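Examination of the molecular architecture
Each chain, letter by letter, is given below.
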Amino acid sequence: RLNNDTLVGTVGVRYGLTAAAELFTRASYIYSQNRTQDLTGTASNHNSGFTDAWLGVNYQFLQDGDTPALLGFVEAAIREKYRGESSNGKSFLLGITSYQAIDPVVLSLTAAYRANIARTVVGEPYKPGNFILLSPSVAFAVNDRVTLTTGIQWLKRQADKTSGAASDIRTTGTDLNLGLGYGVSKSSTLNLSVKSSISGRNGADLRFNWL
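Heads up: these notes are all about the structure in this document. (Residues numbered from 1 in each chain as written. Predicted model: local features only at pLDDT ≥ 70, side-chain atom pairs only at ≥ 80, totals over all residues. Heavy atoms only, no water.)

**Regarding the pairing of strand β10 (residues 131-141)**
As a reminder of what qualifies: Only strands that DSSP links by at least two bridges are regarded as paired with each other. Put simply, DSSP H or I for four residues or longer makes a helix, DSSP E for two residues or longer makes a strand, and each gets a number counted from the N terminus.
As paired elements, strand β7 (residues 105-116) and β10 share 10 bridges and run antiparallel to each other. Looking at β10, one finds that S108 is bridged to S137. In this sheet, strand β11 (residues 146-157) lies alongside β10 in antiparallel orientation, the contact comprising nine bridges. Looking at the pairing, V138 lines up with T150 of β11. Between the antiparallel neighbours β10 and β11 lie four residues.

**Description of empty space enclosed by the protein**
In this approach a probe as big as a water molecule rolls over the atoms, and the regions it shows empty are the leftover space. Test applied: Cavities and pockets are found on a 1 Å grid laid over the protein atoms alone: a cavity is a set of points where a 1.4 Å probe fits but cannot escape, a pocket is an open set with protein on both sides within 12 Å along at least five of seven lines, and a lining residue has an atom within 4 Å of such a point. Grid points are joined across faces, edges and corners, and a volume is the space filled by probe spheres set on the points. In the scheme used here, Gly and all other residues not listed as nonpolar or charged are polar, with Ala, Val, Leu, Ile, Met, Phe, Trp, Tyr, Cys and Pro taken as nonpolar and Asp, Glu, Lys and Arg as charged.
Applying the stated rule across the entire model yields one cavity of 30 Å³ or more. Roughly 40 Å³ of internal volume is contained in the largest cavity. Lining the largest cavity are E80, K81, Y82, E85, S86, S87, R119, T120 and V121. Counting residues per element, the ones that place at least two in the lining of the largest cavity are β4 (69-82), β5 (85-87) and β8 (119-121). Class assignment of the residues belonging to the lining of the largest cavity gives a composition of two nonpolar, three polar and four charged.

**Describing the pattern of salt bridges**
If the charged atoms of two oppositely charged side chains come close together, the side chains can form a pair. Going by this rule: Counted as salt bridges are all cases of a side-chain nitrogen of Lys or Arg within 4 Å of a carboxyl oxygen of Asp or Glu. Only protein chains enter the accessibility calculation, which uses a 1.4 Å probe; a residue is then buried when its area is under 20% of its type maximum, exposed when over 50%, and partly exposed in between.
One pass over the structure, following the stated rule, counts nine salt bridges. A salt bridge links D205 to K195; its shortest N-O distance comes to 3.7 Å. Placement of the pair is D205 in strand β16 (residues 204-210) and K195 in strand β15 (residues 188-199), with a sequence separation of 10 residues. Classification of D205 as partly exposed rests on a relative accessible area of 25%. The exposure class of K195 is buried, given its relative accessible area of 13%. Through salt bridges that share partners, D175, K195, R201, D205 and R207 make up one connected network.

**Section: the packing of aromatic side chains**
The way to describe two aromatic rings as a pair is by their centre distance and the angle between their planes. Put simply, the test is: Pairing of aromatic rings covers Phe, Tyr and the six-membered ring of Trp, with a centre-to-centre limit of 6.5 Å; geometry is then stacked below 30 degrees between planes, edge-to-face above 60, and tilted otherwise.
One pass over the structure, following the stated rule, counts two aromatic pairs. Summarising the aromatic geometry, the rings of Y82 and Y126 are spaced 5.1 Å apart at their centres and angled 5° between planes, so their arrangement reads as stacked. Note that Y82 is positioned in strand β4 and Y126 in strand β9 (residues 124-127), a separation of 44 residues in sequence. The class for Y82 is partly exposed, based on a relative accessible area of 34%. Taking the relative accessible area as the measure of exposure, Y126 reaches 10% and is therefore buried.

**Looking at the nonpolar core**
Our working rule: Side-chain atoms within 4.5 Å link the members of a nonpolar core, which is a set of buried Ala, Val, Leu, Ile, Met, Phe, Trp, Tyr and Cys residues. The contact criterion used is simple: two residues touch if any of their non-hydrogen atoms lie within 4.5 Å.
Core analysis: the biggest nonpolar cluster contains seven residues, these being W54, F73, A77, L93, A112, F131 and L133. Broken down by secondary-structure element, the contributors of at least two residues to this core are β4 and β10. Those residues in contact with L93 that lie beyond four places of it in its chain are W54, F73, V74, E75, A112, Y113 and R114.

**Considerations on the sheet that holds β9**
Adjacent strands of a sheet pair through backbone hydrogen bonds, lying either parallel or antiparallel. Strand order across the open sheet formed by four strands is β8-β9-β12-β13, with antiparallel pairing between neighbours. The open sheet has two free edges, formed respectively by β8 and β13 (165-166), since each of these has just one partner strand. Alignment of β9 against strand β12 (residues 161-162), held across two bridges, turns out to be antiparallel. Among the inter-strand pairings, Y126 is bridged to a residue of β12, identified as T162.

Listed below in structure tokens is the structure:
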């Protein structure tokens, strides 16, 4: 039997370059505990440390009106750490988000593609699998402070490769997302969300965000 709990803390900063463009950066730290049980008994171990830092830009091509709003985003990994090895500029994320407000409901769809370049891990070339994700959602404004959201996320990931050979299998997965947003003030928002797997893996994510 295997059970794992992981805590990830992320700090980010956003800066509005223009009315349509926004620059952002973020960095994450992770703490993970693994517990196992087999014929020899039980064991537990943990690890922690810096995971990654990213730099990106958002741009609003269309505003919500006669047509749905359209935003694009591009992100690049400034630094990543995996199995004690660090790499710079080896991962990129490109995506778009479209949404339309039909008061009091907001319909949205996000599509993104992540490309990974091979890096050296434990003396061998290692390439994480590229992936594509689709995430449609519906948000319902209960009142001027509370918003409820629901949606799904579908992800298709290519196999990881070590020294040019596949070290994993291609995977797909679907998750259910449920969220609650609370406007503390005009400049402060709290969001709580739960993501639970429907297919492809076992587990759930609980996220808390303060903007």
